[in-house]
Protein chains: 2
Amino acid sequence: MALVVQKYGGSSLESADRIKRVAERIVETRKAGNDVVVVCSAMGDTTDELLDLAQQVNPAPPERELDMLLTAGERISNALVAMAIESLGAEARSFSGSQAGVITTSAHQNARIIDVTPGRVQEALKQGQVVLVAGFQGVSQDTKDITTLGRGGSDTTAVAVAAAMNADVCEIYTDVDGVYTADPRIVSDARHLDRITYEEMLEMAATGAKVLHLRAVEYARRYGVPLHVRSSYSPKPGTIVSGSVEDLSVEQAMITGVAHDRSEAKVTVRGVPDNPGIAGRIFRVIADAEIDIDMVLQNVSSTASGLTDITFTVARSNGALAVAELEKIKAELGFDQVVYDDHVGKVSLVGAGMRSHPGVTATFCEALSQAGVNIEIINTSEIRISVLIRDTQLDDAVAALHNAFELGADEEAVVYAGSGR
Amino acid sequence: MALVVQKYGGSSLESADRIKRVAERIVETRKAGNDVVVVCSAMGDTTDELLDLAQQVNPAPPERELDMLLTAGERISNALVAMAIESLGAEARSFSGSQAGVITTSAHQNARIIDVTPGRVQEALKQGQVVLVAGFQGVSQDTKDITTLGRGGSDTTAVAVAAAMNADVCEIYTDVDGVYTADPRIVSDARHLDRITYEEMLEMAATGAKVLHLRAVEYARRYGVPLHVRSSYSPKPGTIVSGSVEDLSVEQAMITGVAHDRSEAKVTVRGVPDNPGIAGRIFRVIADAEIDIDMVLQNVSSTASGLTDITFTVARSNGALAVAELEKIKAELGFDQVVYDDHVGKVSLVGAGMRSHPGVTATFCEALSQAGVNIEIINTSEIRISVLIRDTQLDDAVAALHNAFELGADEEAVVYAGSGR
């Protein structure tokens, strides 16, 4: 008998009818002889509706109360799914995050899971019950207040519960049937991936593939929880996320796929005096405003002027704040101006294969060049190449790379074996 | 500094705008130097909407999950009120029933409060915070599951918290400004009552006055918590419920008012053999179906036939079930038939004055007779007379009694001093 953790997202639960379909799948899994723990997100737009109400009563709602408010959404969906399961003749018990032992830090709206103590969950499983755990929420170890885990929190709950209970698999049900070599809306012959390593999935998620949240994948990698990303609407297998690139043979290591991201903006600080500590000062100001920086480019300074430009990317939603923070230190640092540009896009190639196969970077740049795409910033990891380009060229760039690395469904998926990376 | 517990009903919280008004009143009370604990019901129709969703996924939803589902409603309203309070510059903390220490039996959907251990509430008050406690809900002492208190549960929560914390007053905010001598929609000169004893309020509530729930009044009486029933929409004082009829002087003891109730139905079992134990058998069958009986009438049996009729009233919502249960034992008991009649209404006169003033029953009956109203069943307590009549005559009966006992606002409210009760 296997222990299966299943997580269902909000769109899979947006109506009574969809909830009944989800219940059918859960009961099927139970009847196949598995112990089943289910983690549900809030129904459809519930979270947005609650946020809207909060805004109406307080434009800057206190985070502790926001957590109290939003966690009601998952309690509702979990209780409804439990009822739907019982109407199919199986037994079910729903637990809040707190009842299920999801212990977190006290950082409201963005708490981290410290520990999961699933005593009540295990007790209910022993009694043959399907157990539902409210996603996205926990209870603070210090204050005993209700907390939420931030974006993608229900995925993280599912993985954390799976890890604490040593589950055989954590199935993440979503509205797509897994991870593809590129976004099928952009690349018509994008290929479904049956398997992907944690590291590759992390790079894909970090660079724009929206199917899984970064934190959940990190958590799964740390505890070795196999993930199965699959569709709520189809019985066919999805994508298994497991294993490390370290364990892949050269033959297994391939180019995984192309990810893209339209959510970043480029900030350039022009005419920065090229003195030690100045770049550090700039990035400290951004960090103090709690803004994450993604890509960075520092031009070689002109010897004549002793001035340089510093360019970096941030989330567009933080763009205005980043500019405002920099303007405050303009006089102090003596730079010329801050330029803001949100007509940019990022395209990334991810794959364990680039560790062992040279020439990937060359082919990457050639393919973009042939498609008439100019590279503004480039950034690499051991298994990823990302470039910042004009947003208008993003679709072309994705298609060109997908084609150049022969990732399409029509051809055999082969390891790229060029030369001279 | 006084400790004030305030309870707001769902209609006072049905929109963001109303929530902001409630918050203003709470902050006003706080600024006047009081410690304030607030108990909120779920917003407007939330509970009904959640029940509707539950019905859609399971026509017979399990009660444990129903409690998990419905308690989300109070979490939402409490968190929103806390946010609205903070936007006015005061500090607020909302707690679930479980967090606030509301410990109950494990009877889902109808749990009883066993104890209130308000440690966290007291701690927050000490820090100068307004505390919100989610109404209607608690946590089972035995199973640690979430429970609900049944109808009027938020009133009961407020009274229980007030009792546990030895509050100076428990204010129940509703959409009327207190208790009246009769329903002002029926009797235009119905008079507002400034004070009423627990016993009189219990009789009024039990016989149809909807302003307070029976259980909350019982709880308040047991622990001596003064209640103040008042309007959410007006600053004027409402009705204080406190004290016992035992402590009233003869001069203070008056006729309180006239209550009415359209929710009952009359069941008559005809041709019952007049043997010992038969009536007990009939009422046991009704009790086993968990149906409460209100009024009872057993006719004197005809010596000729040895048969009698047994008549009683139940809630209309239980009428069909009561008849079905009785039909099952028809052959066993050998009665003729069960007759069901839901075109009945109940009118009651309540007042501590009738203990010390004879003649009340006579005047009561005379007034109804003069109004052409026929009495079908009569039932009395020390401070109440109730009669079952045709539902079409209910409004006339209320007006006739209100007038006969000079309860109107235009005349001085005097103790009725007739003779020969």
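Residues numbered from 1 in each chain as written. Chains lettered and ligands numbered in written order. Predicted model: local features only at pLDDT ≥ 70, side-chain atom pairs only at ≥ 80, totals over all residues. Heavy atoms only, no water.

## Some remarks on the interface of chain A and chain B
Across the boundary between the two partners, chain A contributes 39 residues, which contact 39 residues of chain B. Interface of chain A and chain B: buried area, both sides summed, is about 3200 Å²; carbon and sulfur atoms make up 64% of it. The partner of Arg120 of chain A in a salt bridge is Asp145 of chain B, with the nearest N and O atoms 2.9 Å apart. Where chain A touches chain B, the interface holds 18 residue pairs in polar contact (both at pLDDT 80 or more). Of all the secondary structure elements, the ones that give two or more residues to the side of chain A that touches chain B are helix H1 (16-31), helix H2 (46-57), helix H3 (63-87) and strand S3 (92-95) of chain A. Among the elements that line the side of chain A that touches chain B, the one with the most residues is H3 of chain A, at 16 residues. Looking at the side of chain A that touches chain B residue by residue, the classes come out as 22 nonpolar, eight polar and nine charged. (Contact = heavy atoms within 4.5 Å. Buried area = accessible area lost by both parts, 1.4 Å probe. Salt bridge = Lys/Arg side-chain N within 4 Å of Asp/Glu carboxyl O. Polar contact = N/O pair within 3.5 Å; in protein donor to acceptor, adjacent residues only side chain to side chain. Helix = DSSP H or I, 4+ residues; strand = E, 2+ residues; numbered from the N terminus. Nonpolar A, V, L, I, M, F, W, Y, C, P; charged D, E, K, R; others polar.)

## Overview of the pattern of salt bridges
This structure, assessed with the given rule, holds 40 salt bridges over all chains. Close ionic contact of Glu65 of chain A with Arg64 of chain A constitutes a salt bridge, the shortest N to O distance being 2.6 Å. According to the relative accessible area criterion, Glu65 of chain A is buried, its value standing at 1%. Put simply, Arg21 of chain B and Asp17 of chain B hold a salt bridge, and the shortest N to O gap is 3.6 Å. (Buried < 20%, exposed > 50% of the residue type's maximum accessible area, 1.4 Å probe, protein only.)

## Focus: the sheet that holds strand S1 (residues 3-8) of chain B
Residues and elements named next belong to chain B. One open sheet holds the eight strands; their spatial order is S3-S6-S2-S1-S9-S11-S12-S10, and the pairing between them is mixed. Each of the sheet's edge strands pairs with one partner strand only, and the pair in question is strand S3 (92-95) and strand S10 (195-196). For S1 and strand S2 (residues 35-40), the ladder comprises six bridges, and the chain directions are parallel. Paired with Val5 across the two strands is Val37, which belongs to S2. (Pairing = 2+ DSSP bridges.)

## Some words on the nonpolar core
Most often, soluble globular proteins keep nonpolar side chains buried together rather than apart. Within the largest apolar cluster, 72 residues are counted, with the highest numbers of intra-cluster contacts made by Leu80 and Ile85 of chain A together with Leu69, Leu80 and Ile85 of chain B. Excluding residues within four positions of it along the chain, Ile85 of chain A makes contact with Ala23, Ile26, Val27, Ala90, Glu91, Ala92, Val130 and Leu132 of chain A. (Core = buried A, V, L, I, M, F, W, Y, C linked by side-chain atoms within 4.5 Å.)

## Some thoughts on unusual backbone geometry
All names here are of chain A. Look at Gln109: it is not a glycine, yet its phi comes out positive at around 75°. Of note, Gln109 is situated in the loop between strand S4 (102-104) and strand S5 (113-116). Even without a glycine there, the phi angle at Glu290 is positive, about 60°. For Glu290, the position within the fold is in the loop between helix H8 (278-288) and strand S15 (296-298). Residue Glu290 is classed as exposed on the basis of its relative accessible area of 71%.

## Some thoughts on the sheet that holds S5 of chain A
Residues and elements named next belong to chain A. Strands sit in the order S5-S4-S7-S8 across an open sheet of four strands; the sheet is mixed. The open sheet terminates on both sides in strands that have one partner only, identified here as S5 and strand S8 (146-148). Each adjacent strand pair in this sheet contributes to an overall mean axis angle of 45°, direction not counted. Strand direction decides the pairing type here: strand S7 (residues 137-140) and S8, joined by three bridges, are antiparallel. Across the sheet, residue Gly138 finds its bridge partner in S8, namely Thr147. Of the strands in this sheet, S5 and S7 are in contact with helix H5 (residues 153-164), which crosses S5 at around 45°. (Axes fitted to C-alpha atoms, helices over the stretch in contact; angles between N-to-C directions.)

## Looking at the domain arrangement of chain A
Here chain A is described as being made up of domain 1 (3-175) and domain 2 (264-341). Here the C-alpha centroids of domain 1 of chain A and domain 2 of chain A sit 41 Å apart. (Domains from an automatic or database assignment.)

## Notes on the confidence of the model for chain A
Interpreting fine coordinate detail is not advised for predicted regions of low pLDDT. On average, residues of chain A score 91 in pLDDT, and 96% of them are at 70 or above. Low pLDDT, under 50, characterises residues 411-421 of chain A; the stretch is placed with 35 contacts to residues that sit more than four places away or in other chains. (pLDDT = per-residue confidence, 0-100.)

## A look at helix H12 (residues 360-370) of chain A
Residues and elements named next belong to chain A. Those residues of H12 that sit buried are Val360, Thr361, Thr363, Phe364, Ala367 and Leu368. Burial along H12 is one-sided: seen end-on, the buried residues are contained in an arc of 165°. Exposed positions of H12 whose direction lies more than 90 degrees from the buried face are Ser369 and Gln370. Positive backbone phi, approximately 75°, marks Gly372, located one or two places after H12. (Arc of directions from axis to C-beta.)

## Thoughts on the environment of Ile76 of chain B
If you trace the backbone, Ile76 of chain B turns up in helix H3 (residues 63-87). The spatial distance from the C-alpha of Ile76 of chain B to the C-alpha of Ser94 of chain B is 9.9 Å, given a sequence separation of 18 residues. If we ignore the near neighbours within four places in the chain, the residues touching Ile76 of chain B are Leu50, Leu69 and Ala72 of chain A together with Met43 of chain B.

## Remarks on the relation of the copies chain A and chain B
Note on the identical chains: chain A maps onto chain B by a rotation of 180° and an axial translation of 0.0 Å, with an RMSD of 0.1 Å. The operation mapping one copy onto its partner corresponds to a two-fold rotation axis. Using C-alpha coordinates, one finds that chain A approaches the rotation axis most closely at Ala72 of chain A, a distance of 2.4 Å. A shared interface surface links the copies, since 100% of the contact residues of chain A are contact residues in chain B too. (Least-squares fit on C-alpha atoms with pLDDT ≥ 70 in both.)

## A look at helix H5 (residues 153-164) of chain B
All names here are of chain B. For H5, which comprises twelve residues, the first-to-last C-alpha distance of 16 Å matches the rise-based estimate of 16 Å (1.5 Å per residue) to within 8%. Most of H5 sits out of view: ten of its twelve residues are buried. Here H5 has its buried residues at Gly153, Ser154, Asp155, Thr156, Thr157, Ala158, Val159, Ala160, Val161 and Ala162. Where H5 ends, the next residue or the one after it, Asn166, has phi of about 55°, a positive value. (Expected span 1.5 Å × (residues − 1).)

## Concerning a negative patch on the surface
Residue and element names in this part refer to chain A. Side chains of Asp45, Asp48, Glu49 and Asp52 sit close together on the surface and give a patch of like negative charge. On the secondary structure map, Asp48 appears in helix H2. Overall, Asp48 belongs to the exposed group, its relative accessible area being 54%. (Patch = residues over 30% accessible without salt bridge, like charges linked within 9 Å, V, L, I, M, F, W, Y side chains within 5 Å. Areas by Shrake-Rupley, 256 points an atom, 1.4 Å probe, with all protein chains shown as cover. Lys, Arg positive; Asp, Glu negative; His and termini not counted. Charge placed at Lys NZ, Arg CZ, Asp CG, Glu CD.)

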